[in-house]
Amino acid sequence: MPDGRGFTIARSLRQHYGYAGDIRATGHFLPEQFGFLIACGFTSFETPATHGPAQFAAALAAPHQPGQLLRRTLGRALEPV
């Protein structure tokens, strides 16, 4: 899911088609993406071998501030040269 299509497909299945079954995330995804996977409708996960389940649990426990990257990028763009 490195390009985001899986997120879009899961969200479409839930919102547009009313799918209520299991949507499983497998393959390469990062602990930082875990909250977004859940928000998009994924309900089960096969965590990659490169990241243990504890990393995903820690990612959920960490406070998330949406738009953090956007704020940093805009901040740099607005800095005087």
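An account of the accompanying structure is given in this report. This is a predicted model, so every value here is computed, not measured.

### Focus on the overall build of the chain
For step 1, the next point in the chain: In terms of regular secondary structure, the chain is built from four helices and two strands.
For step 2, the next point in the chain: Helices and strands appear in the chain in the N-to-C order α-β-α-β-α-α.
For step 3, the next point in the chain: The 81 residues of the chain split such that 20% are buried.
For step 4, the next point in the chain: In the chain, 37% of the contacts between residues at least 6 apart in sequence involve partners at least 24 apart.
For step 5, the next point in the chain: When the accessible surface of the chain is split by element, carbon and sulfur atoms take 62% of a total near 6,000 Å².

### A closer look at the packing of aromatic side chains
For step 1, the next point in the chain: With the rule as written, the count across this model stands at three aromatic pairs.
For step 2, the next point in the chain: Pairing Phe34 with Phe45 gives two aromatic rings, centres 4.6 Å apart and planes at 65°, and the pair type is edge-to-face. Of this pair, Phe34 sits in helix α2 (residues 34-40) while Phe45 sits in strand β2 (residues 44-45), placing them 11 residues apart in sequence.
For step 3, the next point in the chain: Take Phe45: its relative accessible area is 23%, and that puts it in the partly exposed class.
For step 4, the next point in the chain: Members of the aromatic cluster, each reached through a chain of ring pairs, are Phe29, Phe34, Phe45 and Phe56.

### Concerning the environment of Phe29
For step 1, the next point in the chain: When you line up the elements, Phe29 lands in the loop between β1 (24-25) and α2.
For step 2, the next point in the chain: Residue Phe29 is classed as buried on the basis of its relative accessible area, which comes to 0%.
For step 3, the next point in the chain: C-alpha of Phe29 to C-alpha of Pro48: the two residues are 19 residues apart in sequence and 7.1 Å apart in space.

### A short note on the nonpolar core
For step 1, the next point in the chain: By size, the foremost hydrophobic cluster in this structure holds 10 residues: Phe7, Ala10, Ile23, Ala25, Phe29, Phe34, Leu37, Cys40, Phe42 and Phe56.
For step 2, the next point in the chain: Considering every element that reaches this core, the biggest residue donor is α2, with three residues.
For step 3, the next point in the chain: Once you skip the residues sitting within four places of it in the chain, Ile23 turns out to touch Ala10, Leu13, Arg14, Gly41, Phe42, Thr43 and Ser44.

Reading the values: rules and limits
- Residues numbered from 1 in each chain as written.
- Predicted model: local features only at pLDDT ≥ 70, side-chain atom pairs only at ≥ 80, totals over all residues.
- Heavy atoms only, no water.
- Helix = DSSP H or I, 4+ residues; strand = E, 2+ residues; numbered from the N terminus.
- Buried < 20%, exposed > 50% of the residue type's maximum accessible area, 1.4 Å probe, protein only.
- Contact = heavy atoms within 4.5 Å.
- Areas by Shrake-Rupley, 256 points an atom, 1.4 Å probe, with all protein chains shown as cover.
- Phe/Tyr/Trp six-rings, centres within 6.5 Å; stacked < 30°, edge-to-face > 60°.
- Core = buried A, V, L, I, M, F, W, Y, C linked by side-chain atoms within 4.5 Å.

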